[in-house]
Amino acid sequence: MKTPFNKFIYIGFLLLGAYQLLFTKDYMQAVSSFGIGLAFDPFNTDQKWNDRPTWQKAVLIIHLALVAGLFGYAIGLNDK
C-alpha cells in the first residue's frame, strides 16, 4: 500500500479507538482498534527499521506500549 493511504487508515483506527475508549467505555474494543492501527504504518513502509529517524521509531514504540498498557488495564477490569 502507499503511505498516504496508510496514514488515513492509521488515523481512522486511532479515532475509532479513542471513541470506543472515551464514549462507549469498551476497553477491549479500543485496544483492538489501537492495535490494528499499528498494522498500518503511517510512515514510509519501504524504509527499513534501522534507517528510520528516531522520532518515528519512538512514535511506534510508544503506541505499542500504550496498547499493551491499555490491554493490561482492560484485562484487570474484567478480572474483578
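The coordinates are above.
Residues numbered from 1 in each chain as written. Predicted model: local features only at pLDDT ≥ 70, side-chain atom pairs only at ≥ 80, totals over all residues. Heavy atoms only, no water.

### Concerning helix 3 (residues 54–78)
Here's step 1: A rise of 1.5 Å per residue sets the reference length of helix 3, with its 25 residues, at 36 Å; its end C-alpha atoms lie 36 Å apart and thus fit the reference within 8%.
Here's step 2: Along helix 3, the positions that sit buried rather than exposed are Gln56, Leu60, His63, Val67, Leu70 and Ala74. (Helix = DSSP H or I, 4+ residues; strand = E, 2+ residues; numbered from the N terminus. Expected span 1.5 Å × (residues − 1). Buried < 20%, exposed > 50% of the residue type's maximum accessible area, 1.4 Å probe, protein only.)

### Digging into helix 2 (residues 27–39)
Here's step 1: Along its 13 residues, helix 2 runs 19 Å from first to last C-alpha, staying within 8% of the 18 Å computed at 1.5 Å per residue.
Here's step 2: Considered for burial, the residues of helix 2 that qualify are Ala30, Val31, Ser33, Phe34 and Gly37. Buried residues of helix 2, seen end-on, are gathered within an arc of 165° and therefore sit on one face of the element. (Arc of directions from axis to C-beta.)

### Here we look at the side chain of Gln20
Here's step 1: Checked against the element boundaries, Gln20 lands in helix 1 (residues 3–22).
Here's step 2: Given the relative accessible area of 13%, Gln20 is considered buried.
Here's step 3: Excluding its chain neighbours within four sequence positions, the residues that come into contact with Gln20 are Lys25, Asp26, Gln29, Ala30 and Ser33. (Contact = heavy atoms within 4.5 Å.)

### Quick notes on the packing of aromatic side chains
Here's step 1: Evaluated as defined, the whole model comprises four aromatic pairs.
Here's step 2: Ring geometry for Tyr19 versus Phe23: centroids 5.6 Å apart, planes at 40°, classification tilted. (Phe/Tyr/Trp six-rings, centres within 6.5 Å; stacked < 30°, edge-to-face > 60°.)

### A look at the pattern of salt bridges
Here's step 1: Going through the model one piece at a time under the given rule, you end up with one salt bridge.
Here's step 2: Between Asp41 and Arg52 there is a salt bridge, with its nearest N and O atoms 2.5 Å apart. With Asp41 in the loop between helix 2 and helix 3 and Arg52 in the loop between helix 2 and helix 3, this residue pair connects regions lying eleven residues apart in the sequence. This pair shows no difference in class: Asp41 is buried, exactly as Arg52 is. (Salt bridge = Lys/Arg side-chain N within 4 Å of Asp/Glu carboxyl O.)

### Describing the environment of Gln56
Here's step 1: Looking at where Gln56 falls in the secondary structure, it is placed in helix 3.
Here's step 2: Spatially, the C-alpha atom of Gln56 lies 9.4 Å from that of Pro42, the residues being 14 residues apart in sequence.
Here's step 3: When near neighbours in sequence (up to four residues on either side) are disregarded, Gln56 contacts Phe43 and Gln47.

### Overview of unusual backbone geometry
Negative phi is the rule for most residues except glycine; trans is the rule for most peptide bonds.
Here's step 1: Despite not being glycine, Lys25 has its phi angle at roughly 55°, a positive value.
Here's step 2: Within the secondary structure, Lys25 is located in the loop between helix 1 and helix 2.

### Things to note about the nonpolar core
Here's step 1: With five residues, the main nonpolar core is built from Ala30, Val31, Phe34, Val67 and Leu70.
Here's step 2: When residues of this core are traced back to their parent elements, those giving at least two are helix 2 and helix 3.
Here's step 3: Per-element tally for this core: the top contributor is helix 2, with three residues. (Core = buried A, V, L, I, M, F, W, Y, C linked by side-chain atoms within 4.5 Å.)

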